[in-house]
Amino acid sequence: MRILLDEDQLQAGVEKLAADIDRFYGSKRPLTVIAVMTGSIVLFADLIRRLSMPQRVGVIQASSYRGGTESGKLAINSDMLIDVKDRNVLLVDDIFDTGHTLDRLTHTVKELGAEST
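Residue positions within a chain follow its written sequence, with the count starting from 1. Local features in this predicted model are restricted to residues of pLDDT 70 or higher, and side-chain atom pairs are both shown and tallied only at a pLDDT of 80 or more, whereas totals for entire chains, interfaces and linings draw on every residue. Each side-chain value is derived from all of the structure's non-hydrogen atoms; neither hydrogens nor water enter the calculation.

Peer 1: Looking at this model, I keep getting lost on a nonpolar patch on the surface. Mind explaining?
Peer 2: What makes a patch is a set of residues exposed beyond 30% relative accessible area and free of salt bridges, joined within 9 Å when like-charged and within 5 Å when nonpolar (Val, Leu, Ile, Met, Phe, Trp, Tyr). Every accessible area reported is derived by Shrake-Rupley at a probe size of 1.4 Å, with residue values counting cover from the shown protein chains alone. A side-chain nitrogen of Lys or Arg and a carboxyl oxygen of Asp or Glu constitute a salt bridge if their distance falls within 4 Å. A cluster of nonpolar side chains, contributed by L4, L5 and L10, occupies part of the molecular surface with about 320 Å² of accessible area. Considering the arrangement of structural elements, one finds L5 in the segment before α1 (7–25). The exposure class assigned to L5 is exposed, which follows from its relative accessible area of 52%. Where helices and strands are cited, they refer to DSSP runs of H or I of at least four residues and of E of at least two residues respectively, numbered from the N terminus. Buried residues are those whose accessible area, probed at 1.4 Å on protein chains only, stays under 20% of the maximum for their type, while exposed residues exceed 50% and partly exposed ones sit between those limits.

Dropping the structure here:
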């Protein structure tokens, strides 16, 4: 197995991402952070511990792989999603390949009344 990023590089990346999010949202403005289940959970946990603003956290399920390596039809399950109406929402996902999942999730969250995504 080839290591692309060692642990120190990965943690430095999470620190930078958290600092960028803090700068964008500010430390006093509440943020609703949503993990895309299940792959993003470790990144999500590392990230939210480093954010300085008040947070609400939640999860949403999205999957298009179903046991294979080729992307299929996207299925979204928002049953566990907390209320996002009039909230600033940050979606955290683990894989960005085509962008279709985040595009659909962004539309879903906006349809549920999010102020921003």
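Peer 1: What am I meant to see in the pattern of salt bridges here?
Peer 2: Pairing is possible between side chains that carry opposite charge, provided their charged atoms lie close to one another. Per the stated rule, a full pass over the model turns up four salt bridges. Here D20 and K16 are joined by a salt bridge, their closest N and O atoms 2.9 Å apart. Placement of the pair is D20 and K16 together in helix α1, with a separation of four residues, close to one helical turn. Classification of K16 by relative accessible area gives exposed; the value is 53%. With a closest N to O distance of 2.4 Å, R23 and D20 form a salt bridge. Here D20 and R23 lie together in helix α1, a separation of three residues that amounts to about one turn. Residue D20 is classed as partly exposed on the basis of its relative accessible area, which comes to 30%.

Peer 1: Looking at this structure, I do not really get the pairing of strand β1 (residues 31–37). What am I missing?
Peer 2: As a general feature of sheets, a regular strand has side chains that alternate between the two faces. Burial analysis of β1 places six of its seven residues in the buried class, the great majority of the element. Call a crossover right-handed when, viewed with both strands pointing away from you, the route from the first strand across the helix to the second goes clockwise. Tracing the backbone out of β1, into helix α2 (residues 41–48) and back to the parallel element strand β2 (residues 55–63) gives a crossover that is right-handed. Relative to strand β4 (residues 89–92), β1 is paired through four bridges, and the arrangement is parallel. Counted as the bridge partner of V33 is L90 from β4. A pair of strands counts as paired when DSSP detects no fewer than two bridges linking them.

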